[in-house]
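# Notes for the structure review
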Amino acid sequence: MAQYLLRRLLYTFITLVGISVISWVIITQAPGSPIAITLDPKVSPKIVEQMEKNYDLDKPIYQQYFLWLKRLFTGKLYSFKDGRPVLDKIGERIWNTLLLNFVSILIIFSLAIPLGIFSARRQYTFLDNLGTFGAYLGISIPGFWLAYLLILGTVKLFGYPVLGMRSFVTEDLTSLEIVMDRLWHLMLPSIILAIGGIAALSRYTRSSMLEVIRQDYVRTAKAKGLPEETVYYKHALRNALLPIVTLFGFLIPGLIGGSIIMETVFAWPGIGRLAYQAVLARDYPVVMTINTISAVLVLIGNFIADMLYAIVDPRIRYQ
Amino acid sequence: MDSQTKTFWKYFKRSRLAVGGLLMILLIFLVAGSASLIAPYDPGKTNVSLKLKPPSFQHFLGTDQLGRDVFSRMLYGSRISLSVGFVAVAISIFIGILVGAVAGYYGRWVDSVLMRFVDIMLCFPTFFLILTVIALLGPSIFNIMLVIGITSWMGTSRFVRAEFLSLRERDFVQAARALGMKDRRIIFRHILPNGLAPVFVTATLDVATAILVEAGLSFLGFGVQPPAPSWGNILTEGRTYIFDAWWLTLFPGFAILMTVLSFNLLGEGLRDALDPRLRGRR
């Protein structure tokens, strides 16, 4: 088990390096990056020289990459927009994004798995077909559209603000009301973020369960007279869980990408929104760092998925 | 029609949803192609005295903040969505087939290296990467197609590789090798035509995703630029008026939903019809 995890860790590290290199190459070498300014003939040569020194452009390419890495880790990378260190700006917001994504993942798993099992047990019935169609809707619906419709709906219905992490006048309220307010603001974006994941995961669970249900051991369990719940939720589910865990690894990039749109719609102060604003402002250090950090989050998610996989599948542990 | 096609249709017709999806797509194609004939108004013609009118007999889907007819804009927007979807996917299956075929055919270290590369690409939060690259290169429609294409080939490559790994051991490939045929020819003229089935499935599903991505990009302002109409940017422009002009939000989003849904249904239908394991179940 330890050997397996060590191998995965090494592999994760290599992937991380690969990602940072690719991101860096794309962003610094593409047309339209800061270097483009130096091509403007009206800019005097002295200024061009100064800019080149500032951006380390006078050094060979691989050195530029390492210098960037060094700056990143020592917190010396500064934003173009307001000169603040990039890591500070990200540090302020990353927990908000993580909170949102974490709640979404909880919602996804707690809804999708029971839905999938429910569908599998009633294969080909009306409810199953309804669930299947619902899943198709879930993966086809544009998130920002659903978000606006729901915002319209809830505001007209409840008359309470929905955007942002909290409402404005929260100082005078009791702490219970503050917590409830936070939860209220958290609800809508995390649910919408979760919809695509619920749809995909429930379909996956359903097909995985369908395969498992046909197995002999399930038939034995039923023949033994075990209660239905035990048969499905204890024995069948354990074996159906394997492919679901791998899906966990694919869910994370989707959530992080989806964060950008959701955070923008709901004015949620997270790194998705920060990234969007940075892209608008052509703030390359911030964009690069967020890119890399998102990839790191994805890799962490994959690694967790690998660990879960080792826990769920005993065959892996003894490899 | 040869018997393979006939069998395929027989299984495909079993799913009403899949057939529905196909019909829906044909309808959308028809609409997009005949946009210039059907559109009652010029999509770019502004008339500020008519601004923000709700749906009526004269303007089926209402007017936007500049007085342009939403229905006509949506008709022309369908062209953008469909063309972005198809071209982007064409690019992605081109790359995917190339990578998958080479990895699956040559195997061993080539396979390992290529699959590691695929894994790395899969770790990128693609939407964010696309956003960044578009911001760098500029939001022209070709850039959008290109970037979506470059970030969605991974699924296809995995399937193609799987097909190649199994087909590589077959007799007709051994025979071709024994005849001294060049690798490239074996790959493209002999193995690939037999391994193409899953590519149809991934291609269709990828079109659905591509349309969603294009809508999202347009929504964020990095897709098709105004005044050119795209479903995504009609929605964005309508954002400010959401409480008063709900039709600017409802209709474009619904159109996106329907289009993406029909491609997803078609893709799933294709998958079920082409998968030999599911035959003889019902």
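Note that the structure is predicted; figures quoted are calculated from it, not measured.

Scanning chain B for helices and strands turns up 13 helices and 0 strands. Reading the helices (α) and strands (β) of chain B from amino to carboxyl end gives α-α-α-α-α-α-α-α-α-α-α-α-α. Across its three principal axes, chain B shows a C-alpha extent of roughly 75 × 45 × 30 Å. Across the 282 residues that make up chain B, the buried fraction comes to 46%.

This next bit is on the overall build of chain A. Helix and strand counts for chain A come out as 12 helices and 0 strands. Written out in order from the N terminus, the α and β elements of chain A read α-α-α-α-α-α-α-α-α-α-α-α. Counting every position in chain A, which comprises 319 residues, the buried fraction comes to 35%.

Further remarks concern the interface of chain A and chain B. Every contact between the two is made by 36 residues of chain A and, on the other side, 35 residues of chain B. Broken down by secondary-structure element, the contributors of at least two residues to the side of chain A that touches chain B are α1 (2-29), α5 (126-140), α6 (143-158), α9 (228-266), α10 (271-280) and α11 (284-312) of chain A. Looking at the side of chain A that touches chain B residue by residue, the class counts come to 27 nonpolar, 9 polar and no charged.

Right, let's get into helix α5 (residues 108-123) of chain B. Over its 16 residues, α5 of chain B runs 23 Å from end to end, which matches the ideal 22 Å to within 8%, given 1.5 Å per residue. The set of residues buried in α5 of chain B consists of Val-118, Ile-120, Met-121 and Cys-123 of chain B.

Okay, the nonpolar core next. With 139 residues, the main nonpolar core has Ala-275 and Val-287 of chain A together with Ile-130, Leu-131 and Ile-134 of chain B as its most contacted residues. Per element, the largest residue contribution to this core is 15 residues, and it comes from α9 of chain A. In contact with Ile-130 of chain B, other than residues within four places in its own chain, are Val-147, Ile-148, Thr-151, Val-213 and Leu-217 of chain B.

Turning next to the packing of helix α4 (residues 86-121) of chain A against α10 of chain A. Residues and elements named next belong to chain A. Running from amino to carboxyl end, α4 crosses α10 at an angle of 135°, the nearest separation of the two axes being 7 Å. Overall, the two elements α4 and α10 adopt an arrangement that is oblique. Contact residues: α4 offers Lys-89, Ile-90, Arg-93, Ile-94 and Thr-97, while α10 offers Ile-271, Gly-272 and Leu-274. A per-class count over the contact of α4 with α10 returns 4 nonpolar, 2 polar and 2 charged.

Checked against the element boundaries, Asp-181 of chain A lands in helix α7 (residues 175-213). Residue Asp-181 of chain A is classed as partly exposed on the basis of its C-beta count, with 18 C-beta atoms lying within 10 Å.

Residues and elements named next belong to chain A. Orientation of α4 relative to α11, taken along the N-to-C sense of each, is 50°, at an axis distance of 10 Å. Here α4 lies oblique to α11, going by the angle between them. In this structure, α4 meets α11 at a crossing whose hand is right-handed. In this structure, α4 uses Val-86, Lys-89 and Ile-90 to contact α11, whose residues at the interface are Pro-285, Val-286, Thr-289, Ile-290 and Ile-293.

Now for unusual backbone geometry. For the peptide bond that leads from Pro-226 of chain B to Pro-227 of chain B, omega is 5°, which places it in the cis range. Relative to the elements of secondary structure, Pro-227 of chain B occurs in the loop between α11 (197-220) and α12 (231-239). A positive phi angle, near 50°, is found at Ala-267 of chain A, a position not held by glycine. Mapped onto the elements of the fold, Ala-267 of chain A is located in the loop between α9 and α10.

A word on the confidence of the model for chain B. Of the residues in chain B, 97% have a pLDDT of 70 or more, and the chain-wide mean is 85. If you check the scores for this complex, the pTM reads 0.85 and the ipTM reads 0.83.

Summing up the model confidence of chain A, the mean pLDDT is 79 and the portion of residues at 70 or higher is 83%. By mean pLDDT, helix α2 (residues 45-54) of chain A is the weakest element of chain A at 66, and α5 of chain A is the strongest at 89.

This part covers the environment of Gln-64 of chain A. Within the fold, Gln-64 of chain A resides in helix α3 (residues 61-73). Placed 36 residues apart in sequence, Gln-64 of chain A and Thr-28 of chain A show a C-alpha to C-alpha distance of 9.7 Å.

So, how was this worked out
- Residues numbered from 1 in each chain as written.
- Chains lettered and ligands numbered in written order.
- Predicted model: local features only at pLDDT ≥ 70, side-chain atom pairs only at ≥ 80, totals over all residues.
- Helix = DSSP H or I, 4+ residues; strand = E, 2+ residues; numbered from the N terminus.
- Buried ≥ 20, exposed ≤ 12 C-beta atoms within 10 Å, placed from the backbone.
- Contact = placed C-beta atoms within 7 Å.
- Nonpolar A, V, L, I, M, F, W, Y, C, P; charged D, E, K, R; others polar.
- Expected span 1.5 Å × (residues − 1).
- Core = buried A, V, L, I, M, F, W, Y, C linked by C-beta atoms within 7 Å.
- Axes fitted to C-alpha atoms, helices over the stretch in contact; angles between N-to-C directions.
- Parallel < 35°, antiparallel > 145°, perpendicular 65-115°, else oblique.
- Left-handed = near helix turned anticlockwise from the far one by under 90°.
- pLDDT = per-residue confidence, 0-100.

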